[in-house]
Amino acid sequence: MAAHDPLGRKRRFAGGPSLRRRCAALALVMAVSAALPPASSGAAGIPAKPKDLKKEYAKLKKRADALNKEYRGELVSLDQAKKAAERAGLEADRLTRDFETARADLSRFAASSYMSGRFDTIPMVTSGDPRSAIRDMTVVEHLSRNTGRRIESLETLASQASRSRQAATAKLADVRKEIDDLEGQRARVKKLLAKYKPETPSGGSGTPGRPDGAPKTKSPLIGPSMTSRMRTLMLAIDGKYGPFPAIGCSRPGDPQDHGSGTACDFMESTGGKMPSSGARAHGDAVAQFVISNASRYGVKYVIWRQRIYDMRGSGGWKSMSDRGSITANHYDHVHVSVL
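Residues numbered from 1 in each chain as written. Predicted model: local features only at pLDDT ≥ 70, side-chain atom pairs only at ≥ 80, totals over all residues. Heavy atoms only, no water.

1. Let's talk about the overall build of the protein
Turning to step 1, where the next piece is worked out: Counting its secondary structure elements, the protein contains nine helices and nine strands.
Turning to step 2, where the next piece is worked out: Counting contacts in the protein only where the partners sit at least 6 residues apart, residues at least 24 apart contribute 67% of the total.
Turning to step 3, where the next piece is worked out: Within the structure as shown, the protein displays about 18400 Å² of accessible surface, and the carbon and sulfur contribution to it stands at 56%. (Helix = DSSP H or I, 4+ residues; strand = E, 2+ residues; numbered from the N terminus. Contact = heavy atoms within 4.5 Å. Areas by Shrake-Rupley, 256 points an atom, 1.4 Å probe, with all protein chains shown as cover.)

Next up, the structure:
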């Protein structure tokens, strides 16, 4: 392109195609900078790291661990809430790292293009041929499309990371709510625990199907060693609602209530199959009987159909996370634990 000096003489800009490339690179840098989501805070990017999710989780975990010890262990709904919060936090951290890495890569790409005045991946034609301008424009158009895809990918990562952090924050709120609820029941639970002292399981080596010399059960019994309290409740349930396909109680090596002889599973179906509608209604009745007589038998909690009713909380059924199968989600048996 020609221009005039004050004396009217014509002159040309130095650089030619090289200048065009630098202008294109500068345009690319400006486009990338304008399109990049912020590194932190703001609705368009990843929200500022909340009051440090890890610190908040550590505080809540300390309170939860104290409750587990004080309330005689296995606060299932609280433990599940903690695990969900931990998983959500790890996922949020991973996506945030991915976003920051992709953002840095794209920024470096744009800056390199501007500083070098060239695009390393695609040769540019620098001759004085008039067609070089068209070729340069084609290259810039290609790079623009490629950069556009990178920006779209970055924006997707930013959105995913933002949603993941919001989910982690919500999960932590669930943990806090669960802890507040349990701590609010401290006086009542203290009396309950004082009434029902810990027991040691006994027996299990006697006649098969007979729990520690107790009357024969209507149902096949697996794992007859259990505490006296669990045996009393098991016989009451079997006597009123039996026979069940099977009743499974003690399970050596189990780190939770089945291992300590304080839990039994009342099967409504076998083979990991979903119970019939009649068996489901039967399980509903069993669960309600246990809840209604919880103070009489020293019940700790009941799990049935992916829900838990913990007597140490403020009451009511609470949903549980998906454990992956009919049996693991307690759709085919009523789980009962005692103090």
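Resuming the write-up.
2. Topic: the side chain of Asp332
Turning to step 1, where the next piece is worked out: Tracing the backbone through its elements, the reader meets Asp332 in the loop between strand S8 (318-319) and strand S9 (333-338).
Turning to step 2, where the next piece is worked out: In this structure, Asp332 is buried with no salt-bridge partner, the nearest side chain bearing the opposite charge being Arg305 at 9.4 Å.
Turning to step 3, where the next piece is worked out: Within the structure, the side chain of Asp332 is placed 2.8 Å from the side chain of His333, a separation counted as a polar contact. (Buried < 20%, exposed > 50% of the residue type's maximum accessible area, 1.4 Å probe, protein only. Lys, Arg positive; Asp, Glu negative; His and termini not counted. Salt bridge = Lys/Arg side-chain N within 4 Å of Asp/Glu carboxyl O. Polar contact = N/O pair within 3.5 Å; in protein donor to acceptor, adjacent residues only side chain to side chain.)

3. Some words on the nonpolar core
Turning to step 1, where the next piece is worked out: Judged by nonpolar contacts, the single largest core of 27 residues is most densely connected at Met234, Ile237 and Phe266.
Turning to step 2, where the next piece is worked out: Listing elements by their share of this core, those giving two or more residues are helix H6 (228-241), strand S5 (263-267), helix H8 (277-292), helix H9 (294-297), strand S6 (299-303) and S9.
Turning to step 3, where the next piece is worked out: Formed by 21 residues, the second largest nonpolar core is a distinct cluster that contains Tyr57, Leu60, Ala168 and Val189. (Core = buried A, V, L, I, M, F, W, Y, C linked by side-chain atoms within 4.5 Å.)

4. Structural notes on a positive patch on the surface
Turning to step 1, where the next piece is worked out: Taken together, the side chains of Lys83, Arg87, Lys171 and Arg323 present a region of like positive charge at the surface.
Turning to step 2, where the next piece is worked out: Structurally, the position occupied by Lys171 is in helix H4 (residues 131-184). (Patch = residues over 30% accessible without salt bridge, like charges linked within 9 Å, V, L, I, M, F, W, Y side chains within 5 Å. Charge placed at Lys NZ, Arg CZ, Asp CG, Glu CD.)

5. Section: the state of the cysteines
Turning to step 1, where the next piece is worked out: Under the definition given, this model contains one disulfide.
Turning to step 2, where the next piece is worked out: The disulfide bridge from Cys249 ends at Cys264, spanning 2.0 Å between sulfur atoms. Because the sign of the S-S torsion sets the handedness, a value of about 110° for the bond joining Cys249 and Cys264 places this disulfide among the right-handed ones. Pair noted here: Cys249 is in the loop between strand S4 (247-248) and helix H7 (257-260) and Cys264 is in strand S5, with a separation of 15 residues, a long-range link. (Disulfide = S-S within 2.5 Å.)

6. A closer look at the side chain of His333
Turning to step 1, where the next piece is worked out: Here His333 lies in strand S9.
Turning to step 2, where the next piece is worked out: With a relative accessible area of 4%, His333 lands in the buried category.
Turning to step 3, where the next piece is worked out: Not counting chain neighbours up to four residues away, the residues in contact with His333 comprise Asp265, Phe266, Met267, Glu268, Ile303, Trp304 and Thr327.

7. Quick word on the packing of aromatic side chains
Two aromatic rings are characterised by how far apart their centres lie and by the angle between their planes.
Turning to step 1, where the next piece is worked out: For the structure on display, the rule yields four aromatic pairs.
Turning to step 2, where the next piece is worked out: Ring plane angle 65° and centroid distance 5.7 Å describe the contact between Tyr241 and Phe289, whose orientation is recorded as edge-to-face. Placement of Tyr241 in helix H6 and of Phe289 in helix H8 is noted, with a sequence separation of 48 residues between them.
Turning to step 3, where the next piece is worked out: Among the residues examined, Phe289 registers a relative accessible area of 14% and is labelled buried.
Turning to step 4, where the next piece is worked out: A centroid spacing of 5.4 Å and a plane angle of 55° characterise the contact between Phe244 and Phe266, whose relative ring orientation is tilted. Pair noted here: Phe244 is in the loop between H6 and S4 and Phe266 is in strand S5, with a separation of 22 residues, a long-range link. (Phe/Tyr/Trp six-rings, centres within 6.5 Å; stacked < 30°, edge-to-face > 60°.)

8. Some words on H6
Quick reminder: α-helices carry 3.6 residues per turn. Residues three or four places apart thus point the same way.
Turning to step 1, where the next piece is worked out: Along its 14 residues, H6 runs 20 Å from first to last C-alpha, staying within 8% of the 20 Å computed at 1.5 Å per residue.
Turning to step 2, where the next piece is worked out: Listing the buried residues of H6 in full gives Arg229, Met230, Arg231, Leu233, Met234, Ile237, Asp238 and Tyr241. (Expected span 1.5 Å × (residues − 1).)

9. Digging into the sheet that holds S8
Turning to step 1, where the next piece is worked out: Here we have seven strands laid out as an open sheet, ordered S3-S4-S5-S9-S6-S7-S8, and mixed in their pairing. The strands lining the two open edges of the sheet, one partner per strand, are strand S3 (221-222) and S8.
Turning to step 2, where the next piece is worked out: Strand contacts of H6: S3, S4, S5, S6 and S9, with the helix running at about 145° to S9, the strand carrying the most contacts. (Pairing = 2+ DSSP bridges. Axes fitted to C-alpha atoms, helices over the stretch in contact; angles between N-to-C directions.)

10. Here's the deal with the pairing of S5
Turning to step 1, where the next piece is worked out: Buried residues dominate S5, accounting for five of its five residues.
Turning to step 2, where the next piece is worked out: Side chains Ala263, Asp265 and Met267 project from S5 onto one buried face, and the interleaved Cys264 and Phe266 project onto a second face that is buried too.
Turning to step 3, where the next piece is worked out: In terms of strand pairing, S5 meets S9 through five bridges, oriented antiparallel. By the bridge assignment for S9, Cys264 is matched with Val336.

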